[in-house]
Amino acid sequence: MPLIKHSFKFPLLSATALLMAAATLAAPGAAHAVTAAPVQDVSDVLHGVTVKDPYRYFENVKDPKVQSWLKEQGDSARKELDRIGLRSLMEQRIAEISAATGDDIRSVTRMAGDHIYYLKRGRGEKQFKLMTRDGLQGAERVLVDPELEARRTGVPHAINYFVPAWDGKHVAYGVSAGGSEDASLYILDVQSGKTVGEPIPRVHEALIGWLPDSKSFTYNQLKALKPGDADSETYLDSKVMWLKVGDAEAQAKPVFGPTVTSGLGLARLDVGTIIFNPGSRWMIARTTDTTLPEGYLFVADVADLNKPTVAWKKISSFDDKITDVDLKGNDLYLLTHAGAPRNRVLKLDLRHPELKLAREVAAAPADAVLEKFALTRDALIAEIREGTAIVLRRYAAGDVKGQSIPAPFKGAASLQNDPAHAYSDVLYTLNGWTELPRTLLLKGKVSSDPGLRVNPPMPSLPQVEVVDVKVPGYDGAMIPMTLLYKKGLKRDGSNPTLLDGYAAYGFSQTAYFSPASMAWIERGGVLAYANVRGSGVYGDDWYRAGFKATKPNTWKDGIACARYLIAEGYATPKTLGVMGTSAGGIFVGRTVTSAPELFAAAIFNVGIMDTVRAEDSANGITNISEFGSARNPAEFPALLEMSTYHNIKDNTAYPAVMLVHGMNDPRVDVWHSAKTAARLQAATSSGKPVLLRLDMQAGHGIGSTATQRYALSADIYSFLLWQMGKAKQNDS
């Protein structure tokens, strides 16, 4: 979304394992010890290589013994973090800065007739609500408030997505609980504010298509797993269903998918959606594996839905390297990196749907990447990446090079939705490292405030320097990194410094305003955002240079950035930390296990830690296209090399580590962090703590409340300051 099966039961423990189970681990000076996880040796021979897995049993998260160990670890981590003297002050300051930034508005969707929909989390509120208004300055109205359900059940709820109908009478939206992302689909009557029919389960993504008449819609639904089905079956054989508004789910008709349109050659993991537009007679079926955006494209006439079978005509497949599409009249616009590593946009006349007939309509400027595009009534607007900044560029008909659009300040511009292409002007949000996000209306080359959000004054904060540098890598590659720190900072090595990287799927570090980051900088902290190989900062070539067999470049670049920060006097190994989130777990985990001597502390945030076993999980199977498969002898060596868990060495002085995870994480199973915590606790010789911070009502971070986010940020930064000698623990 974004390994060999081996069943295992708890055996009788050996004498050694019994002794280990009775042992405890504690950081020097820590008041709360934890039970060492027993070693239960499991080995697999994969392509002639013996792979040891001493904590395999943690993959059975539901086992009472595993649950008990996880609870003890989580409770212990909570006590250790709460003892850090400035932790509560840090949380208060993050909440204070957040409140001063005003309301948070996201996912603005502007429909024909000046109907506007968006998600809004008001100042001081925990969760985003679905809002609507008529006109940019019209009175807003709450359509869906997930906090009502959260108060009723005691479990956090979140809106995962919403898709309005073209006529504005209905809106489809998804809601999930506890950070699980296991969303059900609801249809809301906008006028009455009441839902129509019953919720439809297992509709996890916004793969919703309203037909041009707005009377029916399509959606992608995951199958219901049967008892005994493997978790890896979760995303296989999904179906695109077609349903009339008001009809019961049982009346939905399957119209696309591996088991529905079997003659199209779809794989079981091809997840489909159907794209419609009110000004077009055509519909486009698109597939991805939920991880990589490339896939199949097919075209048919909308009227064919009423026929026994739809006459889908294939336009492209994965090898055509098309990563995004948009439909307008008879034309299909295609974002592709085929023959253009920094991307370009093609236009194809669907009356003659042969890809070879497509013509280029927008090219990336030199030394920049054309990342996304949107269509207006009379032009194409593109998001152009320049390092961590994103600028806008307008492409009129016949102008393949396009014209740059000035922005009110340097930052990252993000286009808002105009799915019907009903307007000539454009809504976009501009966000900066040191600037609050603003939602702006672009007319021609002039940006103005449309009044969609209240823009509060910047809260009282220190002056922040933003410096872009390029770091020489081990092989001469120049790695872009952006540094943020308080103006006047002395490079004497004493500054608490955090290196942050991600580097997967071609996603890049991007400018954004973060109240938590400001709280860190206030305390003298330095933030270093590295776009190492595996990111898309320089386009597809840079991404492929940190992909599968070339993935070691990701953490080698991370090590180069760490050494740069030390050499330039920002930090020393006593004041340098490193963090990675989700797929960035590979970046942080392998950086730490390759060069532990460079760091005082590390944060493994919902990280993928065991890449050898990942593909047997529900979401892991979708990531084979990104990382590889252990069943493939050509890809296995790289997976073993990028697996943090398998590269932890006994009797090694590792830095302090805090592993963060939500128990309901659907993207990276919690056992990744559990296995790695157990292995690090057993292996480290430094005496520094290895904490497993768990949230029982969170998942991958998506859907977490504001309160949960503030608490997590406070835990991360106070843990780092504690381990860097900048904060002390109180007596228990």
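Above this text is the structure in question.
In short, a report on the structure. (Residues numbered from 1 in each chain as written. Predicted model: local features only at pLDDT ≥ 70, side-chain atom pairs only at ≥ 80, totals over all residues. Heavy atoms only, no water.)

**Digging into the overall build of the protein**
Check the secondary structure of the protein and you find twelve helices and 40 strands. In terms of overall dimensions, the protein has C-alpha extents of about 70 × 60 × 55 Å along its principal axes. Put simply, the protein has 732 residues, and 60% of those count as buried. In the protein, 82 side chains carry a positive charge and 79 a negative one; their mean positions are 2 Å apart. (Helix = DSSP H or I, 4+ residues; strand = E, 2+ residues; numbered from the N terminus. Buried < 20%, exposed > 50% of the residue type's maximum accessible area, 1.4 Å probe, protein only. Lys, Arg positive; Asp, Glu negative; His and termini not counted. Charge placed at Lys NZ, Arg CZ, Asp CG, Glu CD.)

**As for the nonpolar core**
Membership of the largest hydrophobic core comes to 55 residues, with the highest contact counts inside it found for Phe 58, Trp 69, Leu 70, Met 481, Leu 499, Leu 565 and Phe 604. Counting 40 residues, the second largest nonpolar core, distinct from the first, contains Ala 77, Ile 603, Tyr 717 and Met 724. (Core = buried A, V, L, I, M, F, W, Y, C linked by side-chain atoms within 4.5 Å.)

**Comments concerning the sheet that holds strand S23 (residues 344-349)**
Sheet architecture is open: four strands sit in the order S21-S22-S23-S24, paired in antiparallel fashion. Lying at the two open borders of the sheet, with one neighbouring strand each, are strand S21 (322-328) and strand S24 (359-363). Within the sheet, the average angular offset between the axes of one strand and its neighbour, ignoring direction, is 25°. Sheet analysis places S23 next to S24, joined by four bridges and oriented antiparallel. For Arg 344, the partnering residue across the bridge sits in S24 and is Ala 363. (Pairing = 2+ DSSP bridges. Axes fitted to C-alpha atoms, helices over the stretch in contact; angles between N-to-C directions.)

**Digging into the pairing of strand S35 (residues 497-501)**
With five of its five residues buried, S35 lies for the most part within the structure. When S35 meets strand S36 (residues 526-530), the two strands line up parallel, connected through five bridges. Bridging across to S36, Gly 501 finds its partner in Ala 530. Running through helix H5 (residues 515-522), the crossover from S35 to the neighbouring parallel element S36 is right-handed. Bridge analysis of S35 against strand S37 (residues 576-581) gives five bridges, and the strand direction is parallel. Its bridge partner lying in S37, Thr 497 is registered against Leu 576. (Right-handed = clockwise from strand over helix to strand, strands pointing away.)

**Quick word on the pattern of salt bridges**
One pass over the structure, following the stated rule, counts 49 salt bridges. A salt bridge links Asp 53 to Lys 675; the shortest N-O distance between them is 3.2 Å. Here Asp 53 is found in the loop between strand S4 (49-52) and helix H2 (64-82), whereas its partner Lys 675 is found in helix H11 (residues 671-683), with 622 residues between them in sequence. Note on Asp 53: relative accessible area 1%, which makes it buried. The shortest N-O distance in the salt bridge between Asp 715 and Arg 87 comes to 2.6 Å. In this pair, Asp 715 sits in helix H12 (residues 706-723) while Arg 87 sits in helix H3 (residues 87-100), placing the two residues 628 residues apart along the sequence. Residue class for Arg 87 comes out buried when judged on its relative accessible area of 7%. (Salt bridge = Lys/Arg side-chain N within 4 Å of Asp/Glu carboxyl O.)

**Brief notes about the packing of aromatic side chains**
Applying the stated criterion to the full structure yields 21 aromatic pairs. For the ring pair Trp 433 and Tyr 529, a centre distance of 4.7 Å and an interplane angle of 25° mean the geometry is stacked. One end of the pair, Trp 433, is in the loop between strand S30 (426-431) and strand S31 (438-443); the other, Tyr 529, is in strand S36, with 96 residues separating them in the sequence. Considered together, Trp 433 and Tyr 529 belong to a single accessibility category, that of buried residues. Through pairs of rings, three or more aromatic residues link up here, namely Tyr 55, Tyr 57, Phe 58 and Trp 69. (Phe/Tyr/Trp six-rings, centres within 6.5 Å; stacked < 30°, edge-to-face > 60°.)

**Some thoughts on the environment of Arg 590**
If you trace the backbone, Arg 590 turns up in helix H8 (residues 584-594). Overall, Arg 590 belongs to the buried group, its relative accessible area being 4%. Each C-alpha atom of the pair Arg 590 and Thr 109 lies 40 Å from the other, and the pair is 481 residues apart in sequence. When residues no more than four places from it in sequence are discounted, the contact partners of Arg 590 are Trp 555, Gly 585, Glu 641, Met 642, Ser 643, Thr 644 and Asn 647. A distance of 2.7 Å separates the side chain of Arg 590 from the backbone oxygen of Glu 641, its partner in a polar contact. (Contact = heavy atoms within 4.5 Å. Polar contact = N/O pair within 3.5 Å; in protein donor to acceptor, adjacent residues only side chain to side chain.)

**Structural notes on the environment of Lys 487**
Within the element layout of this structure, Lys 487 appears in the loop between strand S34 (478-486) and S35. Taking the C-alpha atoms as reference points, Lys 487 and Ser 107, 380 residues apart in sequence, are found 34 Å from one another. Other than its neighbours up to four places away in sequence, Lys 487 contacts Gln 463, Val 464 and Glu 465.

**With respect to the packing of H2 against H11**
The geometry of H2 relative to H11 is characterised by a closest axis approach of 12 Å and an angle of 70° between their N-to-C directions. Relative to H11, the element H2 is oriented roughly perpendicular. Considering how the two elements wind past one another, H2 and H11 form a crossing that is left-handed. Side by side, H2 and H11 meet where Trp 69, Leu 70 and Gln 73 of the first sit next to Ala 674, Ala 677, Ala 678 and Gln 681 of the second. Each residue belonging to the contact of H2 with H11 can be placed in one class, and the counts come to five nonpolar, two polar and no charged. (Parallel < 35°, antiparallel > 145°, perpendicular 65-115°, else oblique. Left-handed = near helix turned anticlockwise from the far one by under 90°. Nonpolar A, V, L, I, M, F, W, Y, C, P; charged D, E, K, R; others polar.)

**What to know about unusual backbone geometry**
Of note, Asn 343 is a non-glycine position whose phi angle comes to about 80°, a positive value. One non-glycine residue, His 421, lies in positive phi territory at about 55°. Within the secondary structure, His 421 sits in the loop between strand S29 (412-415) and S30.

**Here's the deal with the sheet that holds strand S6 (residues 115-121)**
Overall, antiparallel pairing links the four strands, which are arranged S5-S6-S7-S8 in an open sheet. The strands lining the two open edges of the sheet, one partner per strand, are strand S5 (104-111) and strand S8 (141-144). Averaged over all adjacent pairs, the angle separating strand axes in this sheet is 30°, with direction ignored. Across three bridges, strand S7 (residues 129-134) lies against S8 in antiparallel orientation. Residue Leu 130 lies in a different strand from S8, and its bridge partner there is Val 144.

**What to know about H12**
Taking 1.5 Å of rise per residue, 18 residues should cover 26 Å, and H12 covers 26 Å from first to last C-alpha, within 8% of that figure. Of all 18 residues in H12, 14 are buried; the element is thus mostly enclosed. Positive phi shows up at Gly 725, right after H12, with a value of about 80°. (Expected span 1.5 Å × (residues − 1).)

**Examining the environment of Pro 164**
Relative to the helices and strands, Pro 164 is located in strand S9 (residues 157-164). On the basis of relative accessibility, which here comes to 6%, the residue Pro 164 falls in the buried class.

**Some points on the side chain of Thr 593**
Tracing the sequence through the fold places Thr 593 in helix H8. For Thr 593, a relative accessible area of 10% puts it in the buried group. Polar side-chain contacts of Thr 593 include one of 2.8 Å to the backbone oxygen of Gly 589. In this structure the side chain of Thr 593 is engaged in a polar contact, spanning 2.8 Å, whose partner is the side chain of Arg 590. Residues within four places of Thr 593 in sequence aside, it is in contact with Thr 644, Asn 647, Ile 648 and Tyr 654.

**Digging into the pairing of S34**
Burial within S34 is extensive, with seven of its nine residues counted as buried. Sheet analysis places strand S33 (residues 464-472) next to S34, joined by nine bridges and oriented antiparallel. Across the sheet, residue Pro 472 finds its bridge partner in S34, namely Met 478. Here S33 hands over to S34 after five residues, with Gly 476 in that stretch at a positive phi of 95°. Relative to S36, S34 runs antiparallel, the two sharing four bridges. Its bridge partner being in S36, Thr 482 is matched across the sheet by Tyr 529.

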